[in-house]
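So you can see what is in the structure, the chains are spelled out below.
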Amino acid sequence: MNEKNIDELKKNIVAIGRLLWEKDLTAGLSGNLSLRLDEQSFLITATRTCLGLLKEDDIVRLHVTGECEDPDSKPSTEWKLHADVYQAFSTVQAVMHVHALHTNAFFLRNDELKPEILEARHVLGRVPVIPQQTINVEDTAPVIETLKNSSIVVLRRHGSLAVGSNLFECFILLQALEEAVKTDIITRVYSNRSF
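This is a predicted model, so every value here is computed, not measured.

Within helix H2 (residues 79–88), the full set of buried residues consists of Leu81, His82, Ala83, Asp84, Val85 and Tyr86. Where H2 is buried, its residues contact strand E1 (32–36), strand E2 (41–45), strand E4 (94–98), helix H5 (141–147) and strand E7 (159–164).

Turning our attention to the pattern of salt bridges. Pairing of side chains with opposite charge becomes possible as their charged atoms draw close. If you walk through the whole model with that rule in mind, you get 10 salt bridges. With its nearest N and O atoms 3.8 Å apart, the salt bridge here joins Glu8 to Lys11. You can see Glu8 and its partner Lys11 sitting in helix H1 (residues 3–22), 3 residues apart, about one turn around the helix. Residue Glu8 is classed as partly exposed on the basis of its relative accessible area of 44%. Across the salt bridge formed by Arg36 and Glu39, the nearest N and O atoms sit 3.9 Å from each other. Here Arg36 falls in the buried class, since its relative accessible area comes to 6%.

A few words on the packing of aromatic side chains. Geometry of an aromatic ring pair is reported as the spacing of the ring centres plus the angle between the planes. In total, this model carries 3 aromatic pairs according to the counting rule given. Geometrically, the ring pair formed by Phe42 and Tyr86 is tilted, given 5.2 Å between the ring centres and 45 degrees between the ring planes. Remark: Tyr86 occurs in helix H2 and Phe42 occurs in strand E2; sequence separation between them is 44 residues. The burial state of Phe42 is the same as that of Tyr86; both residues are buried. Both rings, one in Phe106 and one in Phe107, keep their centres 4.9 Å apart while their planes meet at 80 degrees; by these two values the pair is edge-to-face. Comparing Phe106 with Phe107 shows no difference in burial state: the two are buried.

A contiguous nonpolar surface patch, about 350 Å² in accessible area, is contributed by Ile185, Ile186, Val189 and Tyr190. Here Val189 shows up in helix H6 (residues 167–191).

Attention now moves to the sheet that holds E2. Strand order in the open sheet formed by 7 strands is E3-E2-E1-E4-E7-E6-E5, with mixed pairing between adjacent strands. With one partner strand each, in any of the chains shown, strand E3 (59–63) and strand E5 (129–131) form the two edges of the open sheet. Strand-to-strand twist of the sheet, defined as the mean angle between neighbouring strand axes without regard to direction, takes the value 20 degrees. As paired elements, E4 and E7 share 5 bridges and run antiparallel to each other. Bridging from a neighbouring strand, Val95 pairs with Val163 of E7. In this fold H1 packs onto E1, E2, E3 and E4, with an angle of close to 150 degrees to the strand it touches most, E1. Across the sheet, helix H3 (residues 101–109) is in contact with E5, strand E6 (152–156) and E7; its angle to E6 comes to roughly 65 degrees.

Moving on: the environment of Ala83. You can see Ala83 is positioned in helix H2. Taking relative accessible area as the criterion, Ala83 reaches 0% and is therefore assigned buried. Setting aside its immediate chain neighbours within four residues, Ala83 contacts Phe42 and Val64.

We now examine the pairing of E1. Within E1, 5 of the 5 residues are buried, which leaves the element mostly enclosed by the surrounding structure. With burial as the criterion, each face of E1 is covered, one bearing Asn32, Ser34 and Arg36 and the other bearing Leu33 and Leu35. By the bridge criterion, 4 bridges tie E1 to E4 in an arrangement that is antiparallel. Bridging across to E4, Leu35 finds its partner in Ala94. In sequence, E1 turns back onto E2 through a hairpin of 4 residues.

Rules and cut-offs
- Residues numbered from 1 in each chain as written.
- Predicted model: local features only at pLDDT ≥ 70, side-chain atom pairs only at ≥ 80, totals over all residues.
- Heavy atoms only, no water.
- Buried < 20%, exposed > 50% of the residue type's maximum accessible area, 1.4 Å probe, protein only.
- Helix = DSSP H or I, 4+ residues; strand = E, 2+ residues; numbered from the N terminus.
- Contact = heavy atoms within 4.5 Å.
- Salt bridge = Lys/Arg side-chain N within 4 Å of Asp/Glu carboxyl O.
- Phe/Tyr/Trp six-rings, centres within 6.5 Å; stacked < 30°, edge-to-face > 60°.
- Patch = residues over 30% accessible without salt bridge, like charges linked within 9 Å, V, L, I, M, F, W, Y side chains within 5 Å.
- Areas by Shrake-Rupley, 256 points an atom, 1.4 Å probe, with all protein chains shown as cover.
- Pairing = 2+ DSSP bridges.
- Axes fitted to C-alpha atoms, helices over the stretch in contact; angles between N-to-C directions.

Structure, rendered in structure tokens:
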């Protein structure tokens, strides 16, 4: 892949990061994005970056082994999760991991989401939830296994992850999940009150 194409991909990552920020799907320094370059390498956001204020310099070119093209670059601490997803699924071109407020809160107390809005049910299907015990995903095997049957997974106590053919596809899944969770929460509030 030539440098011009890589520059365009970096611009796409910056734009999607800003969109995630504007839609309240990420906060502070949380979340990470990546795009596949080829079978052995991908672009990923650097560690300790704000997705809403990304610059192209905040995006690291990384080999699936963790080796950076620029030795001074520091990829996201979740780089291995992204690398393992790319190695497991040749069709995945983008990976997005966010810590959306309502989704995280909902799945602290619920084992599943059953969207009642028909479009959400169609887009999301059954959203799988797996336990997460560490601040970074150290054991990627349960995530990989879950992604065999779903393009989205919730990591309880940590966040959610979507895979797809591009970052916008991942964004749509994660935004649909956050909106479905909000709808469920609001429905529960309305069910307990008379207006």
